[in-house]
Amino acid sequence: MSPIIPNFRSFEAICVRFDRAGCCFRLISLYRPPPSRTNELTLTLFQDEFYNFLHHVCAKRDKFIICGDFKLHVDNALDNAASAFLQTLGTFSLQQHVSGSTHAHGHTLDLLITREGDDTVRNFTTHDHHISDHLAVLATLDFRKPKPVVEAVTSRSYRNFPLETFQTDISPSPDQDANVDSCVAAYNNSVKELLDILAPQRSRKKGTRPPAPWLSDEVVNERKKRRQLERRYRTTKLTVFRDAYQLQCKKVSSLIHHSRKTYYRNKIEENAKNPRSLFAVVKELTGDTAPTCGTYPDNIPVTQLPDKFANYFVGKVDKIRASIQTTGIPSTVTSEQVQ
């Protein structure tokens, strides 16, 4: 989870961030409790806080989806609150994808919101599971797993290697008159020829990924033991192997935590006097190393971006002015009023 969402009174929100193929994607789930006199959660409070919420979320240029129950009838064009809500989405260049009823009594209450022109959400449908008065909103997210880097690997299989045949066929003694280098070369050629016959080389493709820099040899060995215990438990279903597997999982988790903490502590101490490297370490820890998915929105022509940018700040200033209460002080003060 990502701690980027501040607290608001009128609604609850939680954010989960995914990193795939150098692109950051955020899924934000929002729930607005029904307003009442007891909780004093008014519509005006929600509108103001949601505006600040969008200002905070849209500050980053990565992709995101806002989903949840907003308690607004956005399908009703005569609903002033829903119209103001949709107008706020338009101010931030956002779009709402859900259409049709999402509640047992009608109206569209559960929404999926993304940036305009973002094709992350596709093929949404609604389904009634008969366990709630809200329908489930299902959608396909275009967030594919990146293809692994594949490289060709050549190896020999020694599992069923005929050792006795190898010992019998290998040349027992080299030429006595040859020098050491010739003997070694003849022996190597003989061994290679026999291996090509008894255990020929085979090429296969293997997916690779860069190892974590903090991954120590001890962690790698303990992870292998964990995998072995897991296979043994799944094969035998015995309690003793299950307990051993659980203990090994805890041990591996503790080793990974300690190894990662030690690695970054040493890295911070080494770059204590190098601000650029130190900030790079902080970005790596906070998950901001992935490049953004785009500098400017692709759905808005470049010639319209300055006007959009200016209109956004003009609207923000107008909203601030409208929220300031008048103090009753006259705009002009005469000399008689001063006396």
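Conventions we followed
Residues numbered from 1 in each chain as written. Predicted model: local features only at pLDDT ≥ 70, side-chain atom pairs only at ≥ 80, totals over all residues. Heavy atoms only, no water. Helix = DSSP H or I, 4+ residues; strand = E, 2+ residues; numbered from the N terminus. Buried < 20%, exposed > 50% of the residue type's maximum accessible area, 1.4 Å probe, protein only. Contact = heavy atoms within 4.5 Å. Areas by Shrake-Rupley, 256 points an atom, 1.4 Å probe, with all protein chains shown as cover. pLDDT = per-residue confidence, 0-100. Lys, Arg positive; Asp, Glu negative; His and termini not counted. Salt bridge = Lys/Arg side-chain N within 4 Å of Asp/Glu carboxyl O. Expected span 1.5 Å × (residues − 1). Arc of directions from axis to C-beta. Axes fitted to C-alpha atoms, helices over the stretch in contact; angles between N-to-C directions. Parallel < 35°, antiparallel > 145°, perpendicular 65-115°, else oblique. Left-handed = near helix turned anticlockwise from the far one by under 90°. Nonpolar A, V, L, I, M, F, W, Y, C, P; charged D, E, K, R; others polar.

The next thing to look at is the overall build of the chain. The helix and strand inventory of the chain stands at nine helices and nine strands. Looking at the 339 residues of the chain, the share that counts as buried comes to 24%. Residue pairs at least 24 apart in sequence account for 60% of intrachain contacts in the chain once pairs closer than 6 positions are excluded. Of the roughly 24,300 Å² of accessible surface on the chain, a fraction of 53% belongs to carbon and sulfur atoms.

For the chain, the mean per-residue pLDDT works out to 81, and 84% of the residues sit at or above 70. The least confident element of the chain is helix 9 (residues 335–338), whose mean pLDDT is 45; the most confident is helix 5 (residues 217–236), at 92. Note that residues 331–339 has pLDDT below 50 and, in this model, two contacts with residues that lie over four places away or in other chains.

Here Glu 49 is to be found in helix 1 (residues 43–57). Buried and without a salt bridge, Glu 49 has Arg 9 as its closest oppositely charged side chain, separated by 5.5 Å. Not counting chain neighbours up to four residues away, the residues in contact with Glu 49 comprise Phe 8, Arg 9, Ser 10 and Phe 11.

A few words on helix 2 (residues 80–91). In a regular helix each residue adds 1.5 Å, so twelve residues correspond to 16 Å; helix 2 covers 16 Å between its end C-alpha atoms and thus fits that length. Turning to helix 2, its buried residues are Ala 81, Ala 82, Phe 85, Thr 88 and Leu 89. With its buried residues spanning 115° around the axis, helix 2 presents them on a single face. Of the exposed residues in helix 2, the ones pointing more than 90 degrees away from its buried face are Asn 80 and Gln 87. Packing partners of the buried residues in helix 2 comprise helix 1, strand 4 (94–96) and strand 5 (110–115). Positive phi shows up at Ser 93, right after helix 2, with a value of about 60°.

A separate point is the environment of Pro 34. Along the chain, the position of Pro 34 falls in the loop between strand 2 (23–31) and helix 1. Taking the relative accessible area as the measure of exposure, Pro 34 reaches 44% and is therefore partly exposed. Each C-alpha atom, one on Pro 34 and one on Phe 70, is 9.1 Å from the other, the two residues being 36 residues apart in sequence. With residues near it in sequence (within four places) discarded, Pro 34 still touches Asn 39 and Lys 71.

Our next topic: unusual backbone geometry. Here Lys 71, not a glycine, exhibits a phi torsion of approximately 55°, which is positive. You can call Lys 71 partly exposed: its relative accessible area is 27%.

Two elements in contact, helix 1 and helix 8 (residues 305–323), have axes whose closest approach is 13 Å; the angle formed by their N-to-C orientations is 150°. When the axis of helix 1 is compared with that of helix 8, the two are roughly antiparallel. Relative to helix 8, helix 1 is oriented so that their crossing is left-handed. Contact residues: Asp 48, Tyr 51 and His 55 in helix 1; Tyr 312, Lys 316 and Lys 319 in helix 8. Class assignment of the residues belonging to the contact of helix 1 with helix 8 gives a composition of two nonpolar, one polar and three charged.

The full count for this structure, using the stated rule, is nine salt bridges. In this structure, Arg 242 and Asp 243 form a salt bridge, with 3.7 Å as the shortest nitrogen-oxygen distance. We classify Arg 242 as partly exposed; its relative accessible area is 34%. Given the relative accessible area of 34%, Asp 243 is considered partly exposed. It is possible to trace a salt-bridge network through shared partners that takes in Arg 156, Lys 192 and Asp 196.

All right, on to the side chain of Thr 88 then. Mapping Thr 88 onto the fold places it in helix 2. Excluding residues that lie within four positions of it along the chain, Thr 88 makes contacts with Tyr 51 and Leu 54.

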